[in-house]
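Each chain is listed here by its residues.
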Amino acid sequence: MTLHDLGWNETFAKEFAPCQQKGWQPGRLVRGNRISYGALVVGPDGLTEVEATLSGKVFHASTTNADLPAVGDWVALEVDATARTAAIQARLARQSCLSRRAVGDSEEEQVIAANISTVVVVTDAGADFNLRRMERFFGLIARSGAKAVALLNKADLFSDTKNQRAARAIAKLQTAADVHVTSAKTRKGLAIIKSYLAPGQTIAFIGSSGVGKSALINRLLGDDGQWTGSVNEVTGKGRHTTTARELMLLPTGGMIIDNPGIKEVQLWIDEHTLRENFADITKLAAQCEFDDCRHGTDTGCAVRAALAKGTLTPERLKAYLDMDGEIKKLQGRRLIRKQILERRSKLKQRDKSKEWVQFGGERDDEYKNAGR
Ligand SMILES: Nc1nc2c(ncn2[C@@H]2O[C@H](COP(=O)(O)OP(=O)(O)OP(=O)(O)O)[C@@H](O)[C@H]2O)c(=O)[nH]1
Ligand SMILES: [Mg+2]
Ligand SMILES: [Zn+2]
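Everything numeric here is computed off the predicted structure, so don't read it as measured data.

This part takes up the overall build of the chain. Along the chain, the regular secondary structure elements total 11 helices and 13 strands. Relative to its full complement of 372 residues, the chain shows a buried share of 34%. Within the chain, contacts between residues separated by at least 24 positions form 64% of all contacts whose residues are at least 6 apart in sequence.

The next point concerns unusual backbone geometry. Even without glycine at this site, N115 takes up a positive phi of about 55°. Its location among the elements puts N115 in the loop between β7 (109–114) and β8 (118–124). With 30 C-beta atoms counted inside 10 Å, the residue N115 sits in the buried group. Phi is positive for R187, which is not a glycine, with a value near 70°. As for its position among the elements, R187 is in the loop between β10 (178–181) and α5 (190–194). Since 15 C-beta atoms lie within 10 Å of it, R187 is described here as partly exposed.

As a further point, take the sheet that holds strand β13 (residues 255–258). Hydrogen bonding along the main chain pairs the strands of a sheet, whether they run parallel or antiparallel. Judged by pairing direction, the sheet is mixed, and its six strands sit side by side in the order β10-β9-β8-β11-β13-β12 without closing on themselves. Single-partner strands in this sheet number two, and they are β10 and β12 (246–249). Strand-to-strand, the axes of this sheet are offset by a mean angle of 25°, without reference to chain direction. For strand β9 (residues 147–153) and β10, the ladder comprises four bridges, and the chain directions are parallel. Its bridge partner lying in β10, L151 is registered against H180. Along the sheet, helix α3 (residues 131–144) contacts β8, β9 and β11 (202–207); its crossing angle with β8, the most-contacted strand, is approximately 175°. Sheet contacts for helix α4 (residues 160–173): β9 and β10; angle to β10, the most-contacted strand, approximately 170°.

Moving on, we come to the nonpolar core. Counting residues in each nonpolar core, the largest one holds 70 residues, and the members touching the most others are A39, L77, V119 and A204. Summarising the domain contributions, this core has at least three residues from each of domain 1 (3–91) and domain 2 (97–223 + 241–258). If we skip the residues at most four places from it in the chain, V119 touches L98, I141, S144, A146, A148, A204 and I206. Formed by nine residues, the second largest nonpolar core is a distinct cluster that contains L284, A285, V303 and Y320.

With their axes 7 Å apart at the nearest point, helix α8 (residues 279–286) and helix α9 (residues 302–309) run at an angle of 120° to one another. Here α8 is positioned oblique relative to α9, judged by the angle of their axes. Packed against α8, whose contacting residues are I281, L284 and A285, the element α9 presents A302, V303 and A306 at the interface. Considered class by class, the residues forming the contact of α8 with α9 number six nonpolar, no polar and no charged.

A word on the environment of L98. When you line up the elements, L98 lands in strand β6 (residues 97–101). C-alpha of L98 to C-alpha of A146: the two residues are 48 residues apart in sequence and 8.0 Å apart in space. If we skip the residues at most four places from it in the chain, L98 touches I112, A113, I116, V119, L140, S144, A146 and A204.

Moving on, we come to the packing of α3 against α4. Between α3 and α4, the shortest axis-to-axis distance is 10 Å and the interhelical angle comes to 45°. Viewed along their axes, α3 and α4 adopt a mutual orientation that is oblique. Classified by chirality, the crossing of α4 by α3 is right-handed. Of α4, the residues touching α3 (which contributes L131, M134, E135 and F138) are A169, I170 and L173. Its residues placed into classes, the contact of α3 with α4 shows six nonpolar, no polar and one charged.

As a further point, take the pairing of β11. The buried fraction of β11 amounts to six of the six residues, a majority that puts the element mostly inside the structure. Here β11 shows a buried face lined by T202, A204 and I206 and a second buried face lined by I203, F205 and G207. As defined by bridge partners, β8 adjoins β11 across five bridges and the pair is classed as parallel. Bridged to V119 within β11 is A204. In this structure, β11 lies alongside β13, joined through three bridges in parallel fashion.

What follows covers helix α1 (residues 10–21). For α1, with 12 residues, the first-to-last C-alpha span of 17 Å sits near the 16 Å given by 1.5 Å per residue. Counting buried residues along α1, only one of its 12 residues qualify, which leaves the element largely exposed. G23, located one to two residues past α1, shows a positive phi value of around 85°.

With that settled, the discussion passes to the pairing of β9. Within β9, six of the seven residues are buried, leaving the element largely enclosed by the surrounding structure. In the sheet, β8 pairs with β9 via seven bridges, with the strands oriented parallel. Bridge pairing links V119 to A148 in β9. Following the chain from β8 across α3 to the adjacent parallel β9, one finds a crossover that is right-handed.

Here is what the cut-offs are and how they apply
Residues numbered from 1 in each chain as written. Chains lettered and ligands numbered in written order. Predicted model: local features only at pLDDT ≥ 70, side-chain atom pairs only at ≥ 80, totals over all residues. Helix = DSSP H or I, 4+ residues; strand = E, 2+ residues; numbered from the N terminus. Buried ≥ 20, exposed ≤ 12 C-beta atoms within 10 Å, placed from the backbone. Contact = placed C-beta atoms within 7 Å. Pairing = 2+ DSSP bridges. Axes fitted to C-alpha atoms, helices over the stretch in contact; angles between N-to-C directions. Core = buried A, V, L, I, M, F, W, Y, C linked by C-beta atoms within 7 Å. Domains from an automatic or database assignment. Parallel < 35°, antiparallel > 145°, perpendicular 65-115°, else oblique. Nonpolar A, V, L, I, M, F, W, Y, C, P; charged D, E, K, R; others polar. Left-handed = near helix turned anticlockwise from the far one by under 90°. Expected span 1.5 Å × (residues − 1). Right-handed = clockwise from strand over helix to strand, strands pointing away.

So, in structure tokens, the structure goes:
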């Protein structure tokens, strides 16, 4: 194994040059979060994994959580060879980055995986199938800079017709994405997934919980053992929900990042990405008679005209309008926060002027009202 097998390239090497002079080693993070990590390094005795701890310097230089090293990142390590531990002294710039909005009310960006070549979204033609959700996943991938692949897994559970119909619907949604029908149980489509796994390539698996991400990965990792997929309803055995993100190296080359299921797809998405994903509708909307056309009852609406002509499907328009609404909500929250901050600073100023008025023995009306 060489560094290049782990995804190292000229750009990383260039950025790393000053670190090299300090005697630091390049390493790729395979697990961990925020403080303590596992990193792969290529030492004199080949590939090893070391425990890596974030240095105070890198911690303090990170202004947001998204700045902190994440799984898939390349870092500069000060290695203590005898103890097999290391300090993370720098994080190299990400060449791609899959991120989303953190779960909850915050708008903070959360990094799912860094430096990935391909993102594989796993779904099925059954209960998980949801074009709206797929659209959101594609939006997230488009932002990441990685290639999008969608898998309709559990093909063994559904008819060919059903699998193919689902695959066609997804392919229509995102023409840039490759769509394949797979089964972790029967190994259908495994060879195709392997084609994305040349040495130095990293693919990240995402999707709802229970769609078979880990089952597929286990197969790819070379588990030739028996299929133990069936779940015992009583013990729940056979089902291992992934709880932590992890990067795994294949013996044949290529790397895979397994992720916990995404329950609440909160996309770290902005208006720009939305417009990009719906370039067709954006173009139509620009032809509407009124700039603020809501594509409802307004006259001269080019979007509704396309609907009537059948060149635009109602589902796609609905997805566009929903996502637009979501972004407005996001902007609304941002605005509210700004207003809160402004009010706070006003109150502070008022407190200062209060001191001043009390000192002078005078009270203006605004101050009296504010006291109630
Ligand atoms: N019939 C069938 N069952 C599958 C297939 N792939 C996975 N399963 C089963 O589906 C269940 C969930 O699979 P996992 O691989 O744990 O799902 P996951 O996507 O990793 O789920 P999280 O880790 O919770 O996000 C397990 O019981 C698997 O055996 C498939 O292709 N066919
Ligand atoms: Mg899993
Ligand atoms: Zn319109």
